[in-house]
Amino acid sequence: MKEKLIHSYITKLRKEDIVQFALQNHVTLSNEEVDILYTEIQNNWQQLLYNPEVVLKRVKEEVSPSTYEHIIYFYQLYNEKLRRFLN
């Protein structure tokens, strides 16, 4: 049931949502980085939940070091909350 809720959210996620989240958190993303993040989230959200290392490694190679640092920061910040939700 919880995965269905997450899947429902992911299917409605837009690139503009990623841009807005970044701007609200004082992070600047290039259009290419937005595309990369959007594609990874849309296609690999389950892997991000349960085995994120592969996705994060792939993203690290495609975004700027600064962007990657922000991704790791927000991943760690929200991962614990998400784990509690899923359990």
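Small disclaimer: the values here were computed from a predicted structure and weren't measured. (Residues numbered from 1 in each chain as written. Predicted model: local features only at pLDDT ≥ 70, side-chain atom pairs only at ≥ 80, totals over all residues. Heavy atoms only, no water.)

For the structure shown, the criterion picks out four salt bridges. Close ionic contact of Arg14 with Glu16 constitutes a salt bridge, the shortest N to O distance being 4.0 Å. Its salt-bridge partner being Lys15, residue Asp35 comes within 2.8 Å of it at the nearest N-O pair. Separated by 20 residues along the polypeptide, Asp35 in helix α3 (residues 31-50) and Lys15 in helix α2 (residues 15-24) bring together distant segments of the chain. Accessibility expressed as a relative area gives 35% for Asp35, which makes it partly exposed. Because the salt bridges share partners, they merge into one network encompassing Arg14, Glu16 and Asp17. (Salt bridge = Lys/Arg side-chain N within 4 Å of Asp/Glu carboxyl O. Helix = DSSP H or I, 4+ residues; strand = E, 2+ residues; numbered from the N terminus. Buried < 20%, exposed > 50% of the residue type's maximum accessible area, 1.4 Å probe, protein only.)

This paragraph deals with the side chain of Asn44. Inspection of the secondary structure assignment puts Asn44 in helix α3. A relative accessible area of 18% places Asn44 in the buried class. Side-chain polar atoms of Asn44 contact the side chain of Glu40, separated by 2.6 Å. Aside from chain neighbours lying at most four places away, what touches Asn44 is Thr39, Val55 and Arg58. (Polar contact = N/O pair within 3.5 Å; in protein donor to acceptor, adjacent residues only side chain to side chain. Contact = heavy atoms within 4.5 Å.)

Let's shift gears to a nonpolar patch on the surface. Taken together, the side chains of Phe21, Tyr73, Leu77 and Tyr78 present a nonpolar region at the surface, about 380 Å² in accessible area. For the nonpolar patch, the leading source of residues is helix α5 (residues 65-86), giving three residues. Of note, Tyr78 is situated in helix α5. For Tyr78, a relative accessible area of 39% corresponds to the partly exposed category. (Patch = residues over 30% accessible without salt bridge, like charges linked within 9 Å, V, L, I, M, F, W, Y side chains within 5 Å. Areas by Shrake-Rupley, 256 points an atom, 1.4 Å probe, with all protein chains shown as cover.)

Turning to the packing of aromatic side chains, a few remarks are in order. Scanning all chains against the criterion turns up four aromatic pairs. Relative to Phe74, the ring of Phe21 lies with its centre 5.1 Å away and its plane at 75°, an arrangement referred to as edge-to-face. Taken as a pair, Phe21 in helix α2 and Phe74 in helix α5 lie far apart in primary sequence, 53 residues in all. On the basis of relative accessible area, Phe21 is assigned to the partly exposed category, the value being 34%. Note on Phe74: relative accessible area 14%, which makes it buried. Aromatic pair Tyr73 and Phe74: ring centres 5.0 Å apart, planes at 75°, arrangement edge-to-face. (Phe/Tyr/Trp six-rings, centres within 6.5 Å; stacked < 30°, edge-to-face > 60°.)

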